Amino acid sequence: MTSLRLLALFHSFLVLQVHLSTQLEDNKIPPSLCTGHPGIPGSPGVHGSPGQPGRDGRDGRDAAPGEKGQKGDRGDPGETGVRGLTGDRGDPGVKGERGQPGECAVAPKSAFSAKLSQGLTLPLNVGDAVCFDTIMINEQGDYNKETGRFTCKVPGVYYFAVHATVYRASLQFDLMKNGHAVASYFQFYGNWPKPASLSGGTLLHLVPGDQVWVQMALSEYNGFYSSTKTDSTFTGFLVYSDWKNSAVFA
C-alpha cells in the first residue's frame, strides 16, 4: 500500500513539473508563483503602412444662386465659314395677279426707195452723187432726192441695194458711206442692141448722222439708164436697231 501511494505521489509531481516547465518556456509565469514591479515602457513601434482610401462623402447641399455678373466685352468677329451647299429648289410661288395693260411699243422704222426719172442728165464728173429723183417710198424722210443722200436717224444695221440698167456706155459706181467707198460695181457695155443690168447690195452699221449715197467712179463709165420699160433704183432699209430699253419708239 505504501508503495502505491508513493508511486501516485511521484506521478503527480511529474505532471506538475511538466506543467510548470511549459509555462516557463512560454514566458508565462502565473501571477500566483511570482509578483514583480511593472517593467519599463517599450520603444515606439514602426509606422504602419497607409490604410485603404475611405469611401466618398455625401454631396453637400446646393448653395443659393449667386448674383448676375456684368456683361462681358464684345468678342472679335469670327472667320467667315465655308459656303454651305445649295439648298433644294423651293416650290413654285403663287401666280400673281394680271398686270395693267401697258403701252404698245412701236418698232423703229427707216426705209426708202427711189429711181431715176426718164431722160435725167447724169453727172459726168468723178465724185458726184447720183440723184435718184423719183421717190417710191420715203415715209421717214431719211432720203433726200435733191442730194441723193440717205441720212441715218435710227442707229442700227441697214441694207442698201442698187439696181442699174446699163445702156449706151459701160457703168462703174461706188456705194459711199461718209465719203468712203464701201462697195464698188462695174458693168461693161459692148454696143449691144439691148440694155444690160448691174445690181449689188451690202449691209452697213450706221449711227445717227451717217450718210450713204451712190457716187460715180469714172466719168466715161456713166451708163445709168431709165425708160418706161426699165429702171435704175436705189433702196435702203433698217434691218434691226441698236436702241434698247425704250418702251416706245417715235
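Computed from a predicted model, the values in this text were never measured in an experiment.

Caption draft 1: Inspection of the pairing of strand S8 (residues 211-216) at higher detail. Judged by how many residues are buried, S8 sits mostly within the fold: five of six residues are covered. Bridge analysis of strand S4 (residues 149-151) against S8 gives three bridges, and the strand direction is antiparallel. The residue of S8 that forms the bridge with arginine 149 is tryptophan 213. Pairing between strand S5 (residues 156-177) and S8: five bridges, direction antiparallel. Bridge pairing links leucine 175 to valine 214 in S8.

Caption draft 2: Summary view of the pattern of salt bridges. Taken as a whole and judged by the stated rule, the model has two salt bridges. Salt-bridge contacts for lysine 115 lead to aspartate 231; the nearest nitrogen and oxygen are separated by 3.8 Å. Residue lysine 115 is found in strand S1 (residues 111-115), and its partner aspartate 231 is found in the loop between strand S9 (222-225) and strand S10 (233-241); the two are separated by 116 residues along the sequence. Linking lysine 153 and aspartate 142 is a salt bridge whose minimum nitrogen-to-oxygen distance equals 3.5 Å. In this pair, lysine 153 is assigned in the loop between S4 and S5 and aspartate 142 in the loop between strand S2 (134-137) and strand S3 (143-144), connecting sequence segments 11 residues apart. Taking the relative accessible area as the measure of exposure, aspartate 142 reaches 5% and is therefore buried.

Caption draft 3: Structural view of the nonpolar core. The biggest cluster of nonpolar side chains holds 30 residues, and the ones touching the most others in it are Phe132, Phe160, Phe173, Leu175, Val214, Phe224 and Phe234. Mapped onto this core, the elements with two or more residues apiece are S1, S5, strand S6 (180-187), strand S7 (196-206), S8 and S10. By residue number, the principal contributor to this core is S5, which donates eight residues. Apart from residues lying up to four places away in sequence, phenylalanine 132 is in contact with Ala114, Lys115, Leu116, Tyr143, Lys145, Val214, Phe224, Ser232, Thr233 and Phe234.

The rules behind these values
- Along each chain, numbering runs from 1 in the same order as the chain's sequence is written.
- Note on the predicted model: pLDDT of at least 70 is required for a residue's local features to be given, and 80 or more for side-chain atom pairs to be given and counted; whole-chain, interface and lining totals, by contrast, use all residues.
- Neither water nor hydrogens contribute to the side-chain values; these are computed over all heavy atoms in the structure.
- Relative accessibility decides the category of a residue: with a 1.4 Å probe and only protein chains considered, values under 20% of the type maximum give buried, values over 50% give exposed, and everything between is partly exposed.
- Going along the chain from the N terminus, every DSSP run of H or I of four or more residues is numbered as a helix, and every run of E of two or more is numbered as a strand.
- At least two DSSP bridges between two strands are needed for those strands to be called paired.
- Whenever Lys or Arg places a side-chain nitrogen within 4 Å of a carboxyl oxygen from Asp or Glu, that contact is recorded as a salt bridge.
- In these notes, a set of buried Ala, Val, Leu, Ile, Met, Phe, Trp, Tyr and Cys residues joined through side-chain atoms within 4.5 Å is what counts as a nonpolar core.
- When checking whether two residues touch, look at their non-hydrogen atoms; a contact exists if any pair is within 4.5 Å.

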